[in-house]
Amino acid sequence: MLNRSLAGMACMHTVLAWAAPADPLSEMDYFSEQPVVLSASRLSQPVNRAPAAVTVITREMIEASGFRQLPDLLRLVPGFQVSWVRGNIPTVTYQGLSSIYSRRIQVLVDGRSVYNPAYGQVQWRGIPLALDDIDRVEVVRGSNAANDGVNAVQASIHIYTRSAADDPGWTAGASVGSAKVRDGLLRYAGASGDWQWRVTLSSRRDDWIKNQRDEARDHLLDARAEWRPNNRDEVTLQAGGVLGEWDNSSVGYTFSNQQTTDFFNGYVQGHWRRTLSADSEWSLLVNHTVTRADETFPPLFNRRLGVLAPDNLNYWFSRSALEFSWQARPTEQLRTVWTAEARRDRAWSASLAGPDTHQGSMYRLSGSLEWSPREEWVLHAGAMLEKHYYAGTRLSPRLAVNWLPVPGHSFRLGVSRAYRSPTFLEQESDFRFTSGPFLVDQLLLSPFKLESERMDSAELGYLYHQATLGLDLDVRLFHNRLDDVIDFTTPYPVAGELARNGADLTYANLYQARQWGGEYQLRWQAGKATWVTLSQSWTRIRSDFQDLVDSAPAQTLSLLASHDFGLLSGSVGYYRVGKMRWVGSSETPAHDRLDLRLSRAFKFGKTRADLAVVAQSILGDYSEFDTDRLFEPRAYVSFTMHF
Amino acid sequence: MIGLLRHHLARLSFVFLACGVLCAGLARAAPVVNVLVAEPAGIYQETANSLTQALGREGWKVAVTSPGRNSANGADLTVAIGTKALETALAQPGRPVLSLLVPRLIYERLASGQQQVSALYLDQPLTRQLRLLGLALPGMKKAGVPLGPSSQGLQAALQSAAKASGIQVNSALINQGSDLYATLNDMAEDSQAFLLLPDPVAAQRSVLQNFFLQTYRLKKPVLAYSEPLVQSGALLALYSTPAQLGEEAAAWIRESWSNGAFRLGEPRYPKRFTIGVNRTVARSLDIALPSEAALSRQLEAMP
């Protein structure tokens, strides 16, 4: 009865929307054709019918977390480890198994791979992307090579940016805090006729590790335009670049702590999507990325031979890709996705891999079928066939089945195979100090033809959804077998060296590992004002290499909770990672971290504003790499205005 | 000779008289209906075809004309299909007019207070729309309704529909300018779904794009008012097709003809309707929807 008595109470408030003057209402408004907005590729698959475990980091989670940098968001994903080796070397892995060059996670921003073909890993700080422009991050936990190809071995991260005229108007923001935090953001989003666009200018500065010379400043420009000439076609054009000025080197080792890195990453991308119906569309994606880093250090000096070459660790690499994809639903029960892609990677580093430019092409065909013969069963079969310049011709298949016996409960069983190709640096490394014609010291060499690493995985998933209580639970049990792990071998004799400063290193396929584990993520929407996400994971590794055995923390925990008090909103983040080791590095002790965020929203006429205070690591100093590198407590204030 | 002529003339006049009486009687049995279409094509022609076929089965004579060539001045009833046709028909007052394919707001603006004019609206009753949301989405308590300069005239009607359906509404005005996102976010806070009503500003193409993207991001399904919109991204649509409207109008016209005159009565919403469902959106939002037929049956059974 209360509902009935309240039923007539409609509240009315006037706001402004992006809208052009229009013709008066007419009957044609009821019949005119409309573009398919929520086309198949825009709609995310419901997690209980997906072939893999997926964690979605939403905008509200991004805001509540208080994180300023993209890789930190992955602390919110069960089983992920995030470590800042230095302010310009953030590294991320899923369930261990990684050195600080995390090479088995594929990362795509709006479909464009930002995986670095030269080193492997992802230069997170060098992605031209402001956190504010992210719509959502979808993380596939486990292999996703059937969809994303080589290097999507341990996990696959898909970052989607907001559409061009999302939140139209001006946005200006600034953050100031300890640890030299100085951030600025200016964005304009607008629309005219069939066009919508957005331009973001952003600058970030911080000094990440206590007592380390690792201040970093990034300046980025990112632009996106969308053109919808008719109801079927949509063309998205994107371009952006980052200029990074980083103290110290962007690679893990350096020869002088006075070294600085001038980093540049730029990209252009075009995406043409034609929607044939709500279930059927094809798209063409073309992009080009260039990355370069200038890392000059003071020349090394040998008493007998004088100045040694090289005096830098400069490198560049580029990637061009063309991808065609076609989605269809031939019958109500069957959905298909087909893609064909060609890529060309080029990399150069005279210091690390000889004077030549190394390059290679890759061709891919993939198909996936999703067949739901009955509502409670979904069968997935997918495979990616690739011809890769180093990996050769490889097939990465995946089979999965979802069973939804009763509403709210679903089970998933999946098996897959994935490959990780050697990187340019692993296959072509030739790092030596010379003096004129003399070889003084060979540090790195790649005399062997490397095989791809291979991971075979099996997983069991359970998902629970309770709408009334606002509960979502996702449990995953997994077993992985990783073969042909590439790492440094024992010393390799090189003739003619004048000085031997330690071992000469070569890359080879050396180890294998087996991994078991379990994890869960829980989301609880406790009414309108409160939500909590909690995840934990447990892992064990058996391997013939102790570093791999130690590489995953036995336990991790991640908690983010947010409450809206009315005028104020507050959130708390707690992250705990057990003892672990980044392969080839010293042990990282168990650590935990507590972050708090308090914010207040204001409204002055058409202007919205948000004032936030974020305190990070308030429990004290902690280390997430080695005990010399401490992340000390810090706080910043940020103010954002939208008008 | 003259007598014979007079006799013939008398017989002839009787025949004429008889013919006249007969013709008048026939005219009363099947009146002349003029169907005035805004354009002799598309949805207007489709509605007209459905109407003329239904009336034709009863042996009624129907002439179809368009505003430029409206010559059927002697018709007993003008069925105006489309806004332009309604305007033309209203320009010649004094004859019964039935408006078809015109939304309620436009009809009321053009024809309010006019005698002998009625309408079978193009739009669906708001109560039916809210009830459909209630049937399709368990736990449905409140719907967000973005309104524009035209549709804000429906405020009062929305409130009474909310009372009748037991589903509350939370409406906000969308104007020229910029803040669709904040509006939708505000409305989404305590609404389980959105009801989209036609409006040249709030539901124009450039707004719809962002409207569907944002409501999807908020995981809130949308009930819209047309078949194309269900393709575009709405979970559900409730509408009447031109064929349904034509047939329903034909039945209404037949019923309202008695004793040589049309008594149309009050304007009304269509009784016949179609429910459109976007199963792809339903799957993605993890909403288990009953079949269209089941929803229709339940909705029809409601008072």
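The structure displayed is predicted, hence computed values, not measured ones. (Residues numbered from 1 in each chain as written. Chains lettered and ligands numbered in written order. Predicted model: local features only at pLDDT ≥ 70, side-chain atom pairs only at ≥ 80, totals over all residues.)

Trainee: Is there a simple way to explain the overall build of chain B in this structure?
Mentor: Scanning chain B from terminus to terminus reveals 12 helices and 13 strands. Buried positions account for 50% of the 303 residues belonging to chain B. A separation of at least 24 residues holds for 69% of the contacts in chain B among residues at least 6 apart in sequence. (Helix = DSSP H or I, 4+ residues; strand = E, 2+ residues; numbered from the N terminus. Buried ≥ 20, exposed ≤ 12 C-beta atoms within 10 Å, placed from the backbone. Contact = placed C-beta atoms within 7 Å.)

Trainee: Please clarify how the overall build of chain A should be interpreted in this entry.
Mentor: Each helix and strand in chain A was counted, giving 6 helices and 36 strands. In terms of overall size, chain A behaves like a compact globule, its C-alpha atoms giving a radius of gyration of 25 Å where 643 residues would be expected to give roughly 26 Å. Expressed along its principal axes, the backbone C-alpha trace of chain A runs to roughly 95 × 55 × 45 Å. Looking at the 643 residues of chain A, the share that counts as buried comes to 47%. A separation of at least 24 residues holds for 62% of the contacts in chain A among residues at least 6 apart in sequence. (Rg over C-alpha atoms; globule rule 2.2 N^0.38 Å.)

Trainee: Quick question: what am I supposed to make of the pairing of strand β22 (residues 392–403) of chain A here?
Mentor: Both faces of the sheet carry side chains from a regular strand, because those side chains alternate between them. Residue and element names in this part refer to chain A. For strand β21 (residues 377–388) and β22, the ladder comprises 12 bridges, and the chain directions are antiparallel. Residue pairing across strands places glutamate 386 opposite arginine 394, the latter belonging to β22. Taking the residues between adjacent antiparallel strands as the criterion, β21 and β22 are bridged by 3 residues. Pairing of β22 with strand β23 (residues 409–420), which is carried by 6 bridges, proceeds in the antiparallel orientation. (Pairing = 2+ DSSP bridges.)

Trainee: In this structure, what is going on with the confidence of the model for chain B? I would like to understand it.
Mentor: In regions of low pLDDT, the predicted coordinates are not meant to be interpreted in detail. Summary statistics for chain B give a mean pLDDT of 86 and a share of 88% for residues scoring 70 or more. Throughout residues 14–28 of chain B the model reports pLDDT below 50, and contacts reaching past four residues in sequence, or to other chains, amount to 1 contact. (pLDDT = per-residue confidence, 0-100.)

Trainee: How should the nonpolar core be read in this particular structure?
Mentor: Side chains that are nonpolar tend, in soluble globular proteins, to be buried together. By size, the foremost hydrophobic cluster in this structure holds 99 residues, and its most contacted members are Val79, Ile81, Leu133, Leu196 and Leu223 of chain B. The two domains that each donate at least three residues to this core are domain 1 (31–122 + 243–262) and domain 2 (126–239 + 273–301) of chain B. What leucine 133 of chain B contacts, discounting residues up to four positions off in sequence, is Met140, Ala143, Ile167, Ala193, Leu195 and Leu223 of chain B. Membership of the second largest hydrophobic core comes to 41 residues, among which are Val92, Val122, Val137 and Ala155 of chain A. (Core = buried A, V, L, I, M, F, W, Y, C linked by C-beta atoms within 7 Å. Domains from an automatic or database assignment.)

Trainee: Mind showing me how you'd approach the interface of chain A and chain B here?
Mentor: Interfaces are often described in size by the accessible area the parts lose on coming together. Contact with chain A, which involves 54 residues of that partner, is made by 66 residues of chain B. Of all elements in the fold, only α1 (2–7) and β1 (12–18) of chain A reach the threshold of two or more residues within the side of chain A that touches chain B. Among the elements that take part in the side of chain A that touches chain B, β1 of chain A stands out by supplying 7 residues, more than any other. Grouping the constituent residues of the side of chain A that touches chain B by class yields 31 nonpolar, 12 polar and 11 charged. (Nonpolar A, V, L, I, M, F, W, Y, C, P; charged D, E, K, R; others polar.)

Trainee: Teacher, can you tell me more about the sheet that holds strand β6 (residues 112–113) of chain A here?
Mentor: Picture the strands of a sheet paired through backbone hydrogen bonds; they go either parallel or antiparallel. Residue and element names in this part refer to chain A. Strand order in the open sheet formed by 5 strands is β2-β7-β8-β5-β6, with mixed pairing between adjacent strands. If you trace the sheet from one side to the other, it starts and ends with β2 (53–57) and β6, each paired once. Taken together, the 5 bridges between β2 and strand β7 (residues 134–141) define a ladder with antiparallel strand orientation. When the bridges of β7 are listed, isoleucine 57 appears paired with valine 137.

Trainee: What exactly am I supposed to notice about the domain arrangement of chain B here?
Mentor: You can read the domains of chain B as domain 1 (31–122 + 243–262) and domain 2 (126–239 + 273–301). A separation of 30 Å is found between the C-alpha centroids of domain 1 of chain B and domain 2 of chain B.

Trainee: What is the right way to look at the sheet that holds strand β5 (residues 117–120) of chain B in this model?
Mentor: Residues and elements named next belong to chain B. Reading across the sheet, the 5 strands line up as β2-β1-β3-β4-β5 and stay open at both edges, with parallel pairing between neighbours. A strand with exactly one partner marks an edge of an open sheet, and here the two such strands are β2 (61–65) and β5. Between one strand and the next, the sheet's axes are offset by a mean angle of 20 degrees, whatever the strand orientation. Here strand β1 (residues 32–37) runs beside β2; their pairing, made up of 5 bridges, is parallel. (Axes fitted to C-alpha atoms, helices over the stretch in contact; angles between N-to-C directions.)

Trainee: It is not clear to me how helix α2 (residues 42–56) of chain B should be interpreted in this structure. Could you clarify?
Mentor: The periodicity of an α-helix, 3.6 residues per turn, causes residues three or four positions apart to be oriented the same way. Residues and elements named next belong to chain B. For α2, built from 15 residues, the straight-helix expectation of 21 Å at 1.5 Å per residue is met to within 8% by its first-to-last C-alpha distance of 21 Å. Of all the residues in α2, the buried ones are Ile43, Tyr44, Thr47, Ala48, Ser50, Leu51, Thr52, Ala54 and Leu55. In this structure, the buried residues of α2 make contact with β1, β2, β3 (77–81), β4 (97–100) and α10 (242–256). (Expected span 1.5 Å × (residues − 1).)

Trainee: Just checking my understanding: could you explain the packing of helix α7 (residues 180–189) of chain B against helix α8 (residues 205–217) of chain B for this structure?
Mentor: Each pair of packed helices gets described by two things: the angle between the helix axes and the distance between those axes. Residues and elements named next belong to chain B. Running from amino to carboxyl end, α7 crosses α8 at an angle of 40 degrees, the nearest separation of the two axes being 10 Å. Of the possible angle classes, the one that applies to α7 and α8 is oblique. Judged by the twist between their axes, the crossing of α7 over α8 is right-handed. Between α7 and α8, the contacting residues are Leu180, Tyr181 and Leu184 on the first element and Val207, Asn210, Phe211, Gln214 and Thr215 on the second. The residue makeup of the contact of α7 with α8, split by class, is 5 nonpolar, 3 polar and no charged. (Parallel < 35°, antiparallel > 145°, perpendicular 65-115°, else oblique. Left-handed = near helix turned anticlockwise from the far one by under 90°.)

Trainee: In this structure, what is going on with unusual backbone geometry? I would like to understand it.
Mentor: It is generally the case that most residues other than glycine have a negative phi and that most peptide bonds are trans. Residue and element names in this part refer to chain A. Between alanine 309 and the following residue, proline 310, the backbone shows a cis peptide bond with an omega angle of 0 degrees. By the secondary structure assignment, proline 310 is in the loop between β17 (306–307) and β18 (315–331). The phi dihedral of glutamine 121 is positive, around 55 degrees, even though this residue is not glycine. Following the sequence through the fold, glutamine 121 ends up in the loop between β6 and β7. Of note in this structure, lysine 180 is not a glycine but carries a positive phi near 60 degrees. Here lysine 180 lies in the loop between β9 (169–177) and β10 (182–192). On the basis of neighbour counts, which here come to 15 C-beta atoms within 10 Å, the residue lysine 180 falls in the partly exposed class.

Trainee: Please explain α10 of chain B as it appears in this structure.
Mentor: Residue and element names in this part refer to chain B. For α10, with 15 residues, the first-to-last C-alpha span of 21 Å sits near the 21 Å given by 1.5 Å per residue. Those residues of α10 lying buried are Pro242, Leu245, Gly246, Glu248, Ala249, Ala250, Trp252 and Ile253. Buried residues along α10 sit in contact with β1, α2, β3, β4, β5 and β11 (257–258).

Trainee: Looking at this structure, I do not really get the packing of helix α3 (residues 83–90) of chain B against helix α4 (residues 104–111) of chain B. What am I missing?
Mentor: Residue and element names in this part refer to chain B. At a closest axis distance of 11 Å, the pairing of α3 and α4 adopts a crossing angle of 20 degrees. Taken together, α3 and α4 sit at an angle that is classed as roughly parallel. In terms of crossing hand, the pair formed by α3 and α4 is right-handed. For the pair formed by α3 and α4, the contact residues are Thr83, Leu86, Glu87 and Leu90 on the first element and Ile106, Leu110 and Ala111 on the second.

Trainee: What's the story with the environment of arginine 182 of chain A in this structure? I'm lost.
Mentor: Residues and elements named next belong to chain A. Here arginine 182 shows up in strand β10. With 14 C-beta atoms counted inside 10 Å, the residue arginine 182 sits in the partly exposed group. Contacts of arginine 182, omitting those with residues within four sequence positions, involve Val176 and Arg205.

Trainee: In this structure, what is going on with the environment of threonine 489 of chain A? I would like to understand it.
Mentor: Residues and elements named next belong to chain A. You can see threonine 489 is positioned in the loop between β27 (471–488) and β28 (505–526). We classify threonine 489 as partly exposed; it has 17 C-beta atoms within 10 Å. With residues near it in sequence (within four places) discarded, threonine 489 still touches Thr506, Ala508 and Leu510.

Trainee: How should I be thinking about the environment of alanine 223 of chain A in this particular structure?
Mentor: Residues and elements named next belong to chain A. Examined against the element boundaries, alanine 223 turns out to sit in strand β12 (residues 215–227). Separated by 23 residues in sequence, alanine 223 and threonine 200 place their C-alpha atoms 6.2 Å apart. Those residues in contact with alanine 223 that sit more than four places away from it in its chain are Arg198, Val199, Gln238, Ala239 and Gly240.

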